[in-house]
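Results of the structural survey
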Amino acid sequence: MDYTIRKAAPEDMPAVLELIQELAEFEKEPDAVILTADDLIRDGFGENPSFICFVAEVNGKIEGMALCYYRYSTWKGKTVHLEDLVIRKEFRQKGLGKALYTKVIEYAKKQGVKRVEWVVLDWNTPAKNFYTKSGAFVFDDWCTVQMDEQAMNEYLKNAR
Amino acid sequence: MSVDYSIREAKREDMPAVLELIKELAEYENAADEVEIHLDDLIKEGFEEKHFKCFVADVEGRIEGMALVYFRFSTWKGRTVHLEDLIVRKKMRGTGLGGALYNQVVKYAYDNGVKRVEWVVSEGNKNAIEFYENTGADIKKNWYTVHMDENGIQKNVEKLE
């Protein structure tokens, strides 16, 4: 299949949002996405972009995307975090995912960071196997902790 | 034991003490060799490039604790705050510094209008997990962290060349 991997432009964001929604459904959280295409354009393309996005284009249509940004390790300095890598369902198993994954690692290398990182769901065995095979390490003993807006509110009310 | 302290934003000149704390945590985690960062990196990347923000617990002019945060970007929620490290010097634990730094981080996230503040915890650290849960945080046991280090990056890029 012929495809192009390139940096996303603001006008790709509606298609990118579609892919984000598709991934949320795959992860059984269809209502979790509150972000809009306008938010993505504002946050990703200004003077101080919050992320960089790569897309896989097939016949002029966006069929996959990878979104990443810098994090900061107190051991290694700047790192690249891969937040999402999504391929539209009908386009899986055609090499787009691998091409985007490679693009992200290449990007990390060019930025001179010592680490690229991301998270994976424990039940996603094919993904875990793919990552391990490609030289990444899956930490099954580190849990993600999240405090949402409501919990922050509650917490601060009590902490004051 | 309670002590007089102030929680404030770190300055460049606090970075030597912050690096000491980073090394103390790495030693505690049996990973002292993993710390590749230098003082100059912390100063340049924190205060010129602004890749992170650091808060410190100042006890009579000495830095006895620190919390280091930065923004991340969730494709569901937009900007979030990530707490990378929160460290209190060993001999100062149990004095309230950790709780005060934790409050500061949540307040910083709240003041910046983000929808989430997040961090990671080792599954074996039951005390920390209990503390986080008591403060209203949600432990996502089914999300694993994945790292590809420099060697892994190098190997993948070499394949392309």
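The text that follows walks through the structure, step by step, so that each part is easy to find. (Residues numbered from 1 in each chain as written. Chains lettered and ligands numbered in written order. Predicted model: local features only at pLDDT ≥ 70, side-chain atom pairs only at ≥ 80, totals over all residues.)

1. Concerning the sheet that holds strand E1 (residues 4-7) of chain A
Taken in spatial order, the seven strands of this open sheet run E1(A)-E2(A)-E3(A)-E4(A)-E5(A)-E7(B)-E6(A), and their pairing is mixed. Strands with a single pairing partner mark the edges of an open sheet, and in this sheet they are E1 and strand E6 (137-139) of chain A. Averaged over all pairs of adjacent strands, the angle between their axes in this sheet comes to 30 degrees, without regard to strand direction. In this fold helix H3 (residues 96-111) of chain A packs onto E1, strand E2 (52-58), strand E3 (61-73), strand E4 (77-87) and strand E5 (115-121) of chain A together with strand E7 (143-149) of chain B, with an angle of close to 165 degrees to the strand it touches most, E4(A). (Pairing = 2+ DSSP bridges. Helix = DSSP H or I, 4+ residues; strand = E, 2+ residues; numbered from the N terminus. Axes fitted to C-alpha atoms, helices over the stretch in contact; angles between N-to-C directions. Contact = placed C-beta atoms within 7 Å.)

2. So, the pairing of strand E7 (residues 142-148) of chain A
The two faces of E7(A) differ: Cys143(A), Val145(A) and Met147(A) on one face are buried, but Trp142(A), Thr144(A), Gln146(A) and Asp148(A) on the other face are not. Relative to strand E5 (residues 116-122) of chain B, E7(A) runs antiparallel, the two being bridged by seven bridges. Paired with Cys143(A) across the strands is Val121(B), a residue of E5(B). (Buried ≥ 20, exposed ≤ 12 C-beta atoms within 10 Å, placed from the backbone.)

3. Description of the sheet that holds strand E2 (residues 53-59) of chain B
As summarised here, the arrangement of the seven strands in space is E1(B)-E2(B)-E3(B)-E4(B)-E5(B)-E7(A)-E6(B), forming an open sheet in which the pairing is mixed. Each edge of the sheet is formed by a strand with only one pairing partner; in this case those strands are strand E1 (6-9) and strand E6 (138-140) of chain B. Taking the axes of each pair of neighbouring strands and ignoring which way they run, one obtains an average angle of 30 degrees across the sheet. The sheet contacts of helix H3 (residues 97-111) of chain B involve E7 of chain A together with E1, E2, strand E3 (62-74), strand E4 (78-88) and E5 of chain B, and relative to E3(B) the element is tilted by about 30 degrees.

4. Some details on the interface of chain B and chain A
At the interface, 62 residues of chain B touch 62 residues of chain A. Here the side of chain B that touches chain A is composed, by residue class, of 27 nonpolar, 15 polar and 20 charged. (Nonpolar A, V, L, I, M, F, W, Y, C, P; charged D, E, K, R; others polar.)

5. Observations concerning the nonpolar core
Core analysis: the largest hydrophobic core is formed by 84 residues, its most contacted members being Val16(A), Met65(A), Val104(A), Val18(B) and Met66(B). Setting aside chain neighbours within four positions, we find Val18(B) in contact with Ala10(B), Leu42(B), Cys54(B), Val56(B), Ile63(B) and Met66(B). (Core = buried A, V, L, I, M, F, W, Y, C linked by C-beta atoms within 7 Å.)

6. Overview of the pairing of E5(B)
Residues and elements named next belong to chain B. Sheet topology places E4 next to E5; two bridges connect them, and they run parallel. Bridging across to E5, histidine 82 finds its partner in glutamate 118. Taken together, E4, H3 and E5 form a β-α-β motif whose crossover is right-handed. (Right-handed = clockwise from strand over helix to strand, strands pointing away.)

7. Here's the deal with H3(A)
Residues and elements named next belong to chain A. Across its 16 residues, H3 extends 23 Å between first and last C-alpha, which sits within 8% of the 22 Å expected from 1.5 Å per residue. Those residues of H3 lying buried are Leu96, Leu100, Tyr101, Lys103, Val104, Ile105 and Ala108. Of the residues flanking the end of H3, it is glycine 112, one or two places downstream, whose phi is positive at about 75 degrees. (Expected span 1.5 Å × (residues − 1).)

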